[in-house]
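# Chain and residue survey
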Amino acid sequence: MKHTVRAALGRSLGAALLLALLAGCGAPAVSEQSSGLLPEVRSVSSSEVQPEADSAAAEDDSAASSSDLAPEVQALTEEDVLAMAAGTVLTAEEMSGLDVDLLFTESELTDEVFARMEGISYPEDCTVSRDELRYLRVLHVGFDGEVHIGEMVCNRSISGDLLEIFRGLYDAAYPIEKMLLIDEYGGDDEASMADNNTSCFNYRVVSGSDHLSAHAYGLAVDVNPLYNPYVTSAGYFPANSGDYVDRSADTPYKIDESDLCYQLFTDHGFIWGGNWNSVKDYQHFVMED
């Protein structure tokens, strides 16, 4: 019996010595299944041993980086701008890359435009044919310093002149507050002037008379009318323009003979109402026959 125990002990010690020698020589580790003595060892990647706090910090950094990214600004095309409503304000970012020449356009009156005018600026008894008129789309710099989309209906005989004039005013950042069809005011000339709206066509008579205005033919343009009123011996229009009647005063947006608006219109053959004798129409530029 002692001999048997000694033999068993000898075999155990021999196995232990053999394992130690193998480990010291860089031999492959022996699995628990093969030796019955060593636990299985699994290799672990570096990501699996990161402390939880470090992982949380990494997630926070990733979230912060995503939130710091500015939202992408969708670039506009000229077609996008032409489809926008008049009065829309365009930012510098939206204007970037656009060909401004393509945003000064004229066209015949489409059914959509004519539907806005019919029964208002274009009443049933209008004697000016639809094909004599043109619809203009332009850009202008508003009183806020931003770029605005403007619109105007005029006689086809002056459409080219007006496109050139308003392009020159735009390039010089000349301020025009609004430029909408007078139909937005129900065809009410007084309401349009009081809101400082620059406009052209409106089939109507001259105030206080029974004969047609040059506006009825689309041959006259009123520019910034609130600040450049119509003045007669009986009063002035619009009614809220009293602060701008005295033309010797230093008032804002005043049209006079040194003003760029005056210079561009008269260079194209328009007559300025501010030079009339019986009345003074400082907003008014007309192309006479």
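These remarks concern the structure in this document. (Residues numbered from 1 in each chain as written. Predicted model: local features only at pLDDT ≥ 70, side-chain atom pairs only at ≥ 80, totals over all residues. Heavy atoms only, no water.)

The next subject is unusual backbone geometry. Of note, the amide linkage connecting Phe-237 to Pro-238 takes the cis form, showing an omega dihedral of 0°. Within the secondary structure, Pro-238 sits in the loop between β7 (235-237) and α9 (260-267). One non-glycine residue, Ala-173, lies in positive phi territory at about 55°. Note that Ala-173 resides in the loop between α7 (159-171) and α8 (189-194). For Tyr-253, which is not a glycine, the phi torsion comes out positive at approximately 60°. Following the sequence through the fold, Tyr-253 ends up in the loop between β7 and α9. The exposure class assigned to Tyr-253 is partly exposed, which follows from its relative accessible area of 30%. (Helix = DSSP H or I, 4+ residues; strand = E, 2+ residues; numbered from the N terminus. Buried < 20%, exposed > 50% of the residue type's maximum accessible area, 1.4 Å probe, protein only.)

Along a regular strand, successive side chains alternate from one face of the sheet to the other. In terms of burial, strand β4 (residues 147-155) is a largely internal element, nine of the nine residues being buried. In this structure, strand β3 (residues 133-141) lies alongside β4, joined through nine bridges in antiparallel fashion. Looking across to β4, one finds that Leu-133 is bridged to Asn-155. Counting the residues in the hairpin turn of β3 and β4 gives five residues, including Gly-145, whose phi is positive at 80°. (Pairing = 2+ DSSP bridges.)

By themselves, these figures tell us nothing about what the structure is for.
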